[in-house]
Amino acid sequence: MSRDEETPVGTEIRAEESAGAAGNGNQAQIERVASHVRAILVELGLDLTDHNLHDTHIRVAKMYDEMFHGLKEGAEPPVTTFPNDEEYSHMVMERDIPFYSMCSHHLVPFYGRAHIAYIPADRIIGLSKFARILDYYAKRPQLQERLTEQVVSFLEEKLHPLGAMVVIEARHLCVEMRGVKKPGALTVTSAIRGAFHQRPVREEFLDLLRRS
Ligand code: ZN
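As the structure is a prediction and not an experimental result, all values here were calculated from the model. (Residues numbered from 1 in each chain as written. Predicted model: local features only at pLDDT ≥ 70, side-chain atom pairs only at ≥ 80, totals over all residues.)

Draft legend 1. View of the nonpolar core. L134, V151, M165 and V166 are the most contacted members of the largest nonpolar core, which has 28 residues in total. Contributing elements (two or more residues each) for this core: β3 (109–119), α5 (128–138), α6 (144–159) and β6 (163–172). Excluding residues that lie within four positions of it along the chain, V166 makes contacts with A114, I116, T148, V151, V152, S190 and A191. (Core = buried A, V, L, I, M, F, W, Y, C linked by C-beta atoms within 7 Å. Buried ≥ 20, exposed ≤ 12 C-beta atoms within 10 Å, placed from the backbone. Helix = DSSP H or I, 4+ residues; strand = E, 2+ residues; numbered from the N terminus. Contact = placed C-beta atoms within 7 Å.)

Draft legend 2. Looking closely at the packing of α5 against α6. Remark: α5 packs on α6, axes separated minimally by 10 Å, with the N-to-C direction vectors making an angle of 135°. The angle between the axes of α5 and α6 places the two elements in the oblique class. For α5 against α6, the interelement crossing comes out right-handed. Along the contact surface, α5 presents I133, L134, Y137 and A138, while α6 presents L147, Q150, V151 and F154. Across the contact of α5 with α6, the residue classes break down as seven nonpolar, one polar and no charged. (Axes fitted to C-alpha atoms, helices over the stretch in contact; angles between N-to-C directions. Parallel < 35°, antiparallel > 145°, perpendicular 65-115°, else oblique. Left-handed = near helix turned anticlockwise from the far one by under 90°. Nonpolar A, V, L, I, M, F, W, Y, C, P; charged D, E, K, R; others polar.)

Draft legend 3. Main features of the pairing of β6. Of all ten residues that make up β6, eight are buried, and the element is covered over most of its length. In this structure, β3 lies alongside β6, joined through ten bridges in antiparallel fashion. Bridging across to β6, F110 finds its partner in H172. Bridge analysis of β6 against strand β7 (residues 187–194) gives eight bridges, and the strand direction is antiparallel. What sits directly across from G163, in β7, is G194. (Pairing = 2+ DSSP bridges.)

Draft legend 4. The arrangement of the sheet that holds strand β5 (residues 141–142) in detail. Read across the sheet, five strands follow the order β5-β2-β3-β6-β7 without closing on themselves; strand pairing throughout is mixed. In this open sheet, the two edge strands, each paired with only one partner strand, are β5 and β7. Packing of α5 onto the sheet brings it into contact with β2 (92–103), β3 and β5, and relative to β2 it is tilted by some 20°.

Draft legend 5. Region of the structure containing helix α3 (residues 27–43). Compared with the 24 Å implied by 1.5 Å per residue over 17 residues, the 24 Å span of α3 between its first and last C-alpha is a close match. Every buried residue of α3 is listed here: I30, A34 and R38. The arc that holds every buried residue of α3, seen down its axis, measures 80°, which confines them to one face. Facing away from the buried side of α3 by over 90 degrees, the exposed positions are A28, R32, H36, A39, I40 and E43. Backbone geometry just after α3 places G45 at a positive phi near 80°. (Expected span 1.5 Å × (residues − 1). Arc of directions from axis to C-beta.)

Draft legend 6. Inspection of helix α8 (residues 199–210) at higher detail. End to end, α8 covers 16 Å across twelve residues, agreeing with the expected 16 Å (1.5 Å per residue, within 8%). With one of twelve residues buried, α8 is to be regarded as a mostly surface element.

Draft legend 7. Representation of the environment of A170. With respect to the helices and strands, A170 occurs in strand β6. C-beta crowding within 10 Å serves as the criterion here: with 23 such atoms nearby, A170 is assigned to the buried category. For the pair A170 and F110, spaced 60 residues apart in sequence, the C-alpha to C-alpha distance is 6.4 Å.

Draft legend 8. Up close: unusual backbone geometry. You will see that E87, though not glycine, has its phi angle at about 50°, which is positive. Tracing the backbone through its elements, the reader meets E87 in the loop between β1 (81–83) and β2. Judged by local crowding, E87 falls into the exposed class, with 9 C-beta atoms found within 10 Å. One non-glycine residue, L107, lies in the positive phi region at around 55°.

Draft legend 9. Geometry of the confidence of the model for the protein. For the protein, the average pLDDT comes to 88, and 88% of its residues sit at 70 or higher. Here helix α2 (residues 15–18) is the element of the protein with the lowest mean pLDDT, 40, and β5 is the one with the highest, 98. (pLDDT = per-residue confidence, 0-100.)

Draft legend 10. Layout of the environment of Q150. Within the secondary structure, Q150 is located in helix α6. Since 21 C-beta atoms lie within 10 Å of it, Q150 is described here as buried. When the C-alpha positions of Q150 and V166 are compared, they lie 9.6 Å apart, and in sequence the two are 16 residues distant.

Structure (structure tokens):
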């Protein structure tokens, strides 16, 4: 982030900086998290007089504040639904929606693309909402399986569609950087509701997905 580079060296967190994305109410929490991160760095024997590490604990604390935003009160995106006046009864799909999340088990990123579809009943939503719903559930310590389920459950709850389906394809850095080390491996998860339990409906989903 260019903003960090412009920041003069100093360990205190300026109010104006955290006022942006984080909000002033979070400043005390960010400071507490920063002090714990600093303790970890010290425990690991890192040289905190190295100017590259000097403010790292503060950057990490601010980054967590942003990455775990989905857990905060009021973070749930407002979802306005509209009456399905056209009586559209086919599949609506938004595919290749990028997302970034953090693995609950290791606190390192997993990221990829989501494909979200539903078949409307009485209500429809704006397609741009899919990305915001995905983001809301991605911005927290997360498991891919749970993320997939949470997105499809949200759609079911808010829209009561005839059916909904979510497929997520993701790379997990905890798999690629450590342990079994399988660079490039894709983990695919899916969750279905309602009409998508029928094979032809799922096939239509996959058909739309394959189309370039
Ligand atoms: Zn992990």
